[in-house]
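In case you want the letters, here they are:
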Number of protein chains: 2
Amino acid sequence: MTTVVALGGNALIRKGDRGTAAEQSARLREAAGSLAPLLGEPRLVITHGNGPQVGNELIRQERAADEVPPLPLYLAVAQTQAEIGAMIVTELGRSAGRPVACLLTHVVVADDDPAFDRPSKPIGPFYSSEEAAALERDRGWTLVEEQGRGFRRAVPSPTPLEVVELDQIRALLDAGAIPVACGGGGIPVVRDGDRIRGVDAVIDKDRASAVLAKALGAERLVILTDVAAVKRGFRTSDEEVIAELTADEAEALLPDLAEGSMRPKVEAAITIARAGGEALITALESLEAALAGSAGTRIRG
Amino acid sequence: MTTVVALGGNALIRKGDRGTAAEQSARLREAAGSLAPLLGEPRLVITHGNGPQVGNELIRQERAADEVPPLPLYLAVAQTQAEIGAMIVTELGRSAGRPVACLLTHVVVADDDPAFDRPSKPIGPFYSSEEAAALERDRGWTLVEEQGRGFRRAVPSPTPLEVVELDQIRALLDAGAIPVACGGGGIPVVRDGDRIRGVDAVIDKDRASAVLAKALGAERLVILTDVAAVKRGFRTSDEEVIAELTADEAEALLPDLAEGSMRPKVEAAITIARAGGEALITALESLEAALAGSAGTRIRG
C-alpha cells in the first residue's frame, strides 16, 4: 500500500510562534511522535504546505529589493520546499529509521486556467494604498485590500494537473526512501512546447497531493489539519462531526465548506475516493485514533 | 561510465549581471549548448556553486530581520539549492531530452573539524564596525574586515566527508534521470547520535563534488570554471597551460595555486585521480575541446 500524507502548516508553525527555524524544527520533532504509525509504512510520501514560510520569504525579497533582485514567486516557492524539506529530512528522518529525501517538485498547470484571470490568493507583505498603486503600475501585480490591514498582492491559484517529477518520486519510493515532494503545492509551471516554464501562482497543497496520490496509484491520502474531523454546520449550534462520507456525499457537502480551507481538502479527498482509494482528514494529534477508525473523517468510494 | 559535472558560478551569473532570475535562466540556456556533449551521457550528475546566490539570500534575511526571523545559514544554503536547482531543471531539462531532477542534498562534516575554530570564508552583506561588534556580541558571529569595504561574517569551510542522500542520488541515476545534487557544496550537517543536525558553515562545492563522485564510483569528474585550464605561474610572464597532470604532480603543484579558487579544484581532481578516475578542469566554452583532448587540464592516476 502506498500512502501520501499532507502535513498542514501547524506541523511547523503554531499560533503565537515566531516561526524561527529552531521553533519549526521543535514542532516537527513533536509531530514525529504522532506520525510514527505512518513513518513505519513501507511506501510513504510526505507533502506539506508553505503558507507562513513563503509569506516570510516574500517579505525578505521585498525588503532587500533595492540591493538584490527579488526572485519571482515560483522560485520563492522553490526556496520554501528546500527550507521546510531540510527540516523534515532532519527531524523525521531520525524517527523513520530509513532515509527521508526531499525532491524539488514542479507541478504543471494550464496556461489558460481561468484562475489566471482572477488572482484570488493574498500573499506576502501588506502595502499602503500608494505602494499598492505603484506595484500595480510597475510590476503588473493585482493588489487586494484586506479590511484595516492594507493591501496585499493576490496571485492565481490554478488547478494542478500533473507532477513533473512523478517518475523520480516513484524511483525514490522503490529504493526504500520516504520522499518529501510537492512542497507548498509544487513549483507552478506551464508547458511551453518541449519545456516547462515557471509561473507566478500558488497551487493548493492538498489538491496537488491528490494529483500526486492518484498518479502514484496510492491507496490512501492522509490530510492533516488543525481540526480532528470534517464537521457539518461548522461553528454553529448544530455542529456535528462526520466520521464517514462517500465521494457523492462529500461532493454534496462542498458548498457548505470554507473556501481555501476545508473545501480543497474535501475536494482532494474526493479525487482519491473516486480513483478507488481512501482519504482521511484529521489532526496530527488524532492521527493514531483516526488510522484505527475511531477519529477523523474517512472518505471513500 | 558515470560523470559528475560541477558547474561554476559563471554558468549562472557573470561579471556585470544583476543576477535576476531571468538573467540566470538565460545564462543557463547559453550553457546548455556547451554542456550538450555531457547531457547525452547515460549517467550524469550535475553539481553547482551558490556563492552569489547565498550572498543575496543572506542580504534578504538581514534586511527583513526586524519583521521575520532570519534562517540559519544552513537553511539559506538549502534555499539556494532549490532556487538554482529549479532553474537547472527547467533550462537544462529541455536540452537533455530526459528528466533532470533536483534532490536536496546534505553533506556530513566532522563536528571537530579544525575549520570550526577558524572561520575563514567571508559571506553575506558588509557591516560597519559598530554593527560588526554588535553581531559578534549578540549572535556569536566572527566578523572579518575587508580592506575599504567594511566587515563581513566569516564562516567555517569544513571538509566534506559523506553525502547523506547518496543512495537516493544513485536511485535517480538508475531510473534514467540526471540528478542535480550537492548544490552549493551541500547543506552542512554533523552527525549527532542517530540524527543529523545542520551547522552554520559552507562546504566547497568542488570538494563536495569529489566526495560524491568517489562514492558513486564515477569514472569522471568535470569541473567547470572561468579559465580554460590550470596554469603554472598563473598571471606571471612564465604562465604556462598544463594539459595533463598525474595525481602526484598535481599534489606538488598545490602550494602554487590560489586558495579558495584553483586549489580546491585541483584537490578535488586529485581525490578522483587517486580513486582511479579522471578529472577534467576547464571552462564551459572549452568543454567540447577538452572532452576531445585538445583543451583543459586532465588529471589522472
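What you see is a predicted model; the values in this text were computed from it and never measured. (Residues numbered from 1 in each chain as written. Chains lettered and ligands numbered in written order. Predicted model: local features only at pLDDT ≥ 70, side-chain atom pairs only at ≥ 80, totals over all residues. Heavy atoms only, no water.)

Asker: Sorry if this is basic, but what is going on with the domain arrangement of chain A here?
Answerer: Interfaces are often described in size by the accessible area the parts lose on coming together. All names here are of chain A. Taken as a whole, chain A is organised into domain 1 (2-120 + 156-218) and domain 2 (239-301). Measuring from the centre of the C-alpha atoms in domain 1 to the corresponding centre in domain 2 gives 21 Å. Contact between domain 1 and domain 2 buries roughly 1,100 Å² in total, counting both sides, with carbon and sulfur atoms accounting for 72%. For the pair domain 1 and domain 2, the interface holds two salt bridges. With its nearest N and O atoms 2.9 Å apart, the salt bridge here joins Glu285 to Arg14. Linking domain 1 with domain 2 are two residue pairs in polar contact (both at pLDDT 80 or more). Those elements giving two or more residues to the side of domain 1 that touches domain 2 turn out to be helix 1 (21-39) and helix 6 (205-216). Element by element, the count of residues in the side of domain 1 that touches domain 2 is highest for helix 6, at six residues. For the side of domain 1 that touches domain 2, the per-class residue count stands at seven nonpolar, one polar and six charged. (Domains from an automatic or database assignment. Buried area = accessible area lost by both parts, 1.4 Å probe. Salt bridge = Lys/Arg side-chain N within 4 Å of Asp/Glu carboxyl O. Polar contact = N/O pair within 3.5 Å; in protein donor to acceptor, adjacent residues only side chain to side chain. Helix = DSSP H or I, 4+ residues; strand = E, 2+ residues; numbered from the N terminus. Nonpolar A, V, L, I, M, F, W, Y, C, P; charged D, E, K, R; others polar.)

Asker: Even after reading the chapter, I still don't get the nonpolar core, so can you show me in this structure?
Answerer: For soluble globular proteins, nonpolar side chains are generally found buried alongside one another. By size, the foremost hydrophobic cluster in this structure holds 98 residues, and its most contacted members are A:Leu35, A:Ile46, B:Leu35 and B:Ile46. Apart from residues no more than four positions distant in its own chain, B:Leu35 is found in contact with B:Val5, B:Leu7, B:Leu92, B:Leu224, B:Leu284 and B:Leu287. Grouped together as the second largest cluster of nonpolar side chains are 87 residues, A:Val4, A:Ala208, A:Leu257 and B:Ala213 included. (Core = buried A, V, L, I, M, F, W, Y, C linked by side-chain atoms within 4.5 Å. Buried < 20%, exposed > 50% of the residue type's maximum accessible area, 1.4 Å probe, protein only. Contact = heavy atoms within 4.5 Å.)

Asker: So what exactly am I meant to see when it comes to the packing of helix 2 (residues 51-63) of chain A against helix 3 (residues 73-96) of chain A here?
Answerer: Each pair of packed helices can be described by the angle between their axes along with the distance between the axes. All names here are of chain A. The interhelical angle for the contact between helix 2 and helix 3, taken along N-to-C directions, is 125 degrees, at an axis separation of 9 Å. It follows from the interaxial angle that helix 2 and helix 3 lie oblique. Relative to helix 3, the crossing made by helix 2 is right-handed. Contacts between helix 2 and helix 3 involve Gln53, Val54, Glu57, Leu58 and Gln61 from the former and Leu73, Ala76, Val77, Gln79, Thr80, Glu83 and Ile84 from the latter. (Axes fitted to C-alpha atoms, helices over the stretch in contact; angles between N-to-C directions. Parallel < 35°, antiparallel > 145°, perpendicular 65-115°, else oblique. Left-handed = near helix turned anticlockwise from the far one by under 90°.)

Asker: Could you clarify how one ought to interpret the pattern of salt bridges in this entry?
Answerer: Any two side chains of opposite charge can pair, on the condition that their charged atoms come close. Counted according to the given criterion, the structure contains 53 salt bridges over all chains. For A:Arg139, the salt bridge is made with A:Glu62, and the minimal N-O distance between the two is 3.0 Å. Residue A:Arg139 is located in helix 4 (residues 129-139), and its partner A:Glu62 is located in helix 2; the two are separated by 77 residues in the primary sequence. Among the residues examined, A:Glu62 registers a relative accessible area of 16% and is labelled buried. The closest approach of N and O atoms between B:Arg152 and B:Glu146, which form a salt bridge, is 3.3 Å. Given the relative accessible area of 18%, B:Arg152 is considered buried. Overlapping salt bridges bring together A:Glu244, A:Glu278, A:Arg298 and A:Arg300 as one network.

Asker: When you look at the relation of the copies chain B and chain A in this model, what are you seeing that I'm missing?
Answerer: Both copies of the chain are related through a single rotation about an axis accompanied by a shift along the same axis. Mapping chain B onto chain A calls for a rotation angle of 180 degrees and an axial translation of 0.0 Å; the resulting RMSD is 0.0 Å. The operation mapping one copy onto its partner corresponds to a two-fold rotation axis. Of the residues that chain B buries at the interface, 100% are likewise interface residues in chain A, meaning the two copies contact each other through the same surface. (Least-squares fit on C-alpha atoms with pLDDT ≥ 70 in both.)

Asker: Would you mind showing me how to read the interface of chain B and chain A here?
Answerer: Listed by partner, the interface residues are 45 residues for chain B and 45 residues for chain A. Contact between chain B and chain A buries roughly 4,100 Å² in total, counting both sides, with carbon and sulfur atoms accounting for 64%. Per-residue buried area on chain B facing chain A is highest for B:Arg60, B:Pro69 and B:Arg195; these three make up 15% of the total on that side. One can count six salt bridges joining chain B with chain A. Ionic pairing is found between A:Arg94 and B:Asp194, a salt bridge with its closest N-O pair at 3.1 Å. Linking chain B with chain A are 14 residue pairs in polar contact (both at pLDDT 80 or more), by the criterion used here. Taken together, the elements giving at least two residues each to the side of chain B that touches chain A come down to helix 1 (21-39), helix 2 (51-63), helix 3 (73-96), strand 3 (100-102), helix 5 (166-174) and strand 11 (195-198) of chain B.

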